[in-house]
Amino acid sequence: MSSNFFAMVNRMKFIDRWALMQNAKKENIAEHSHSVAVIAHALALIGNKIYGKNYDCERVCLLALYHDTTEVITGDMPTPVKYYNDEIKNVYKDIEKVAGNRLLSMLPEEFIEDYTPLFEKQEDDKELWVLVKAADKISALIKCIEECRMGNLEFTKAREAQEDLINEITLPEVKYFRDNFLDAYYLTLDEHTK
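First, a word on what this report is: a plain description of the structure on this page.

Conventions used here
Residues numbered from 1 in each chain as written. Predicted model: local features only at pLDDT ≥ 70, side-chain atom pairs only at ≥ 80, totals over all residues. Heavy atoms only, no water. Disulfide = S-S within 2.5 Å. Helix = DSSP H or I, 4+ residues; strand = E, 2+ residues; numbered from the N terminus. Expected span 1.5 Å × (residues − 1). Buried < 20%, exposed > 50% of the residue type's maximum accessible area, 1.4 Å probe, protein only. Phe/Tyr/Trp six-rings, centres within 6.5 Å; stacked < 30°, edge-to-face > 60°. Lys NZ or Arg CZ within 6 Å of the ring centre and 35° of its normal.

**Comments concerning the state of the cysteines**
No. 1: In this structure the tally under the stated criterion is zero disulfides.
No. 2: Counting only cysteine sulfurs, Cys144 is the nearest neighbor of Cys148, a cysteine outside any disulfide, at a range of 6.7 Å.

**Quick notes on helix H2 (residues 29-51)**
No. 1: Spanning 23 residues, H2 covers 31 Å between terminal C-alpha atoms, matching the ideal 33 Å at 1.5 Å per step.
No. 2: Along H2, the residues that are buried comprise Ile29, His32, Ser33, Val36, Ala37, Ile39, Ala40, Leu43, Ala44, Ile46 and Gly47.
No. 3: Of the residues one or two after H2, Gly52 is the one with positive phi, at around 65 degrees.

**With respect to the packing of aromatic side chains**
No. 1: Applying the stated criterion across every chain yields a total of nine aromatic pairs.
No. 2: Pairing Phe6 with Tyr115 gives two aromatic rings, centres 6.0 Å apart and planes at 75 degrees, and the pair type is edge-to-face. Residue Phe6 is located in helix H1 (residues 5-10), and its partner Tyr115 is located in helix H7 (residues 109-119); the two are separated by 109 residues in the primary sequence.
No. 3: Note that Lys121 overlies the ring of Trp129, its terminal NZ or CZ placed 4.8 Å from the centroid.

Here you go:
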């Protein structure tokens, strides 16, 4: 019998983000997950090389790649709705859990144990999920920066809000990323190649 799991994961490219906003360039959850994985990996490396941490860089990358996979079933709920109040937030978490279990049930039995930690947060991955969450916010800021650079005023307030969120994160890895890498996202291609 054929498994539907990977075919469903492949559908991440059909789920658009930022649905309530007019986008100059649409972003889907597959693109977003790649961005989050790249940034989370960088944050882990920064933590290890600059701050003497012992993060599993490959593991954080894997967690980031799958962090929004349940949205192939739930769709991407806009942040203002998802976090409107604790009741909605908790109900949505329950929905995500059901969606994760549904995806896991699409795997052959011998692989379920391997994929379960990608859908059900494990205590051993707690530090890594903090990095994924921070990378998720940085990725959102980058999307806002890109939209503003394309002249899309729809993202001006969102960019300002995301900049404030990033500045509030106390992780030294995030501060290092912000101070050393984030400014480049505000530049044009010609400014990158000078």
